[in-house]
Amino acid sequence: MSITLTPIDSVDNISKEDFVNNYLNPRKPLIIRKATESWPALQKWTFEYLKEVVGDKTVPLYNSSKADPSKAINASATEMKFGDYIDLIQKQPTDLRIFLFDPIKHAPKLLEDYRSPSDLMGGFLDKYPNMFFGGAGSVTFLHYDIDLAHIFHTHFNGRKHVMLFDQKWTERLYCIPFATYALEDYDIENPDFTKFPALDGIEGQEAILEHGDTLFMPTGYWHWMKYLTGSFSISLRAWDKSWAIKAKSLYNLTVQRKFDNLMKARFKKDYMDWKESLAIKRANNALVSGKP
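Every value quoted in this text rests on a predicted model; they were computed, and no experiment measured them.

Looking at a nonpolar patch on the surface
And step 1. On the surface, a cluster of nonpolar side chains totalling about 280 Å² of accessible area is made up of F178, F259 and W274.
And step 2. Along the polypeptide, F178 turns up in the loop between β10 (160-165) and β11 (203-209).

Structure, rendered in structure tokens:
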């Protein structure tokens, strides 16, 4: 019993034609090792530099604990001064991560240090792209992005283990209904196939990201990430051309999210227990029927 993981394709550089034909249109992941060669950030973005330009802002921190059903999905576990957190992840392992805090808003000069890969595609969304920080051993739980954007995820100052899964495996991954994340009761690195039999036979891809590597994650790809060393990343997001995907993104961000938050607020643990049992039922049904 196992999950089959194959290496994510990797190139040093790629032409627009090759990227569009072989990765963007077929929605296939890719690592571009030298996409950041022209970025000032490649040498400039050290931990000390970020501490200097971002300052001593208080930041929300997230851990690996299972989500509290009475709280919003993005509720933080604690908070800390940004500089103190950067010191922490350089000194020791920790499961604490920075998520949904954007240093670039507090230090607009960082905008000068990176380049959107507009030579490969258009449709980039964010004036202030998201940045993510993690200590050694911290894990980003298995999920896909609710807005269904394409993601160019570039890593800095360390190493990160990444697993990716196509949308076709959604039910077999025990996707929580009315959400874009998986049941948090299993460890995707070492799953218990007796308790979670639908995971047996799933196929995915994996890689270790190094300093300066850029991972292209197509719209809707499930991803799990583990910081092997204290380090950080930046994600640049771009729309898919499909109007159907844009419509689904809008639905996710408005109707689905509002409904889910309303039900959690009203029914709390009962609602979450029902969702988890339905995720298990759907996964088992998908396994029996031979999906995908």
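There is more to say after this.
What to know about helix α6 (residues 243-288)
And step 1. Here α6 contains 46 residues, and its C-alpha end-to-end distance of 33 Å is more than 12% below the 68 Å for a straight helix at 1.5 Å per residue.
And step 2. The sharpest bend along α6 reaches about 120 degrees and sits at F267.
And step 3. A side-chain oxygen of the first residue of α6 lies 3.2 Å from the backbone nitrogen of A244; this N-cap is S242.
And step 4. Immediately beyond the C-terminal end of α6, within one or two residues, lies G290, with a positive phi of roughly 80 degrees.

Observations regarding the packing of aromatic side chains
Two measures describe an aromatic ring pair: the distance that separates the ring centres and the angle between the ring planes.
And step 1. Scanning all chains against the criterion turns up 22 aromatic pairs.
And step 2. Centroid distance W45 to Y114: 6.4 Å. Interplanar angle 65 degrees. Geometry classified as edge-to-face. Taken together, the residues span a long stretch of sequence, with W45 in the loop between α2 (41-44) and α3 (47-54) and Y114 in the loop between α5 (103-106) and β7 (130-134) at a distance of 69 residues.
And step 3. The exposure class of W45 is buried, given its relative accessible area of 1%.
And step 4. Seen from their ring centres, F82 and F133 are 5.5 Å apart, and the 90 degrees between their planes marks the pair as edge-to-face. In this pair, F82 sits in helix α4 (residues 82-91) while F133 sits in strand β7, placing the two residues 51 residues apart along the sequence.

Details of the sheet that holds strand β1 (residues 4-7)
And step 1. Strand order in this open sheet of 5 strands is β1-β11-β10-β13-β8, and the pairing throughout is mixed. The open sheet has two edge strands, β1 and β8 (139-143), and neither has a second partner. Strand-to-strand twist across the sheet, computed as the mean angle between neighbouring axes with direction ignored, equals 20 degrees.
And step 2. Looking at chain direction, β10 and strand β13 (residues 222-227) are connected through 6 bridges and run antiparallel. In the sheet register, V162 faces β13, and the bridge partner there is M225.

Some words on the UniProt feature "domain: JmjC" (unreviewed entry) in the protein
And step 1. Mapped onto this numbering, the UniProt entry annotates "domain: JmjC" (unreviewed entry) at residues 105-255.
And step 2. In this annotation, residues 105-255 is assigned 10% helix and 32% strand; the end-to-end C-alpha distance for the span is 28 Å.

Here we look at the environment of S15
And step 1. Take S15: it is sitting in the loop between β2 (10-11) and α1 (16-24).
And step 2. In this structure, the C-alpha to C-alpha distance between S15 and N130, residues 115 residues apart in sequence, is 26 Å.

Comments concerning α1
And step 1. Of all the residues in α1, the buried ones are F19, V20, Y23 and L24. The arc that holds every buried residue of α1, seen down its axis, measures 115 degrees, which confines them to one face.
And step 2. Looking at the buried residues of α1, the elements they touch are β3 (30-32), β9 (150-156) and β12 (214-217).

Conventions used here
- Residues numbered from 1 in each chain as written.
- Predicted model: local features only at pLDDT ≥ 70, side-chain atom pairs only at ≥ 80, totals over all residues.
- Heavy atoms only, no water.
- Patch = residues over 30% accessible without salt bridge, like charges linked within 9 Å, V, L, I, M, F, W, Y side chains within 5 Å.
- Areas by Shrake-Rupley, 256 points an atom, 1.4 Å probe, with all protein chains shown as cover.
- Salt bridge = Lys/Arg side-chain N within 4 Å of Asp/Glu carboxyl O.
- Helix = DSSP H or I, 4+ residues; strand = E, 2+ residues; numbered from the N terminus.
- Expected span 1.5 Å × (residues − 1).
- Bend = angle between axes of the 7 residues up to and from the residue.
- Polar contact = N/O pair within 3.5 Å; in protein donor to acceptor, adjacent residues only side chain to side chain.
- Phe/Tyr/Trp six-rings, centres within 6.5 Å; stacked < 30°, edge-to-face > 60°.
- Buried < 20%, exposed > 50% of the residue type's maximum accessible area, 1.4 Å probe, protein only.
- Pairing = 2+ DSSP bridges.
- Axes fitted to C-alpha atoms, helices over the stretch in contact; angles between N-to-C directions.
- UniProt positions renumbered as here; feature names shortened; annotations may be inferred.
- Arc of directions from axis to C-beta.
- Contact = heavy atoms within 4.5 Å.

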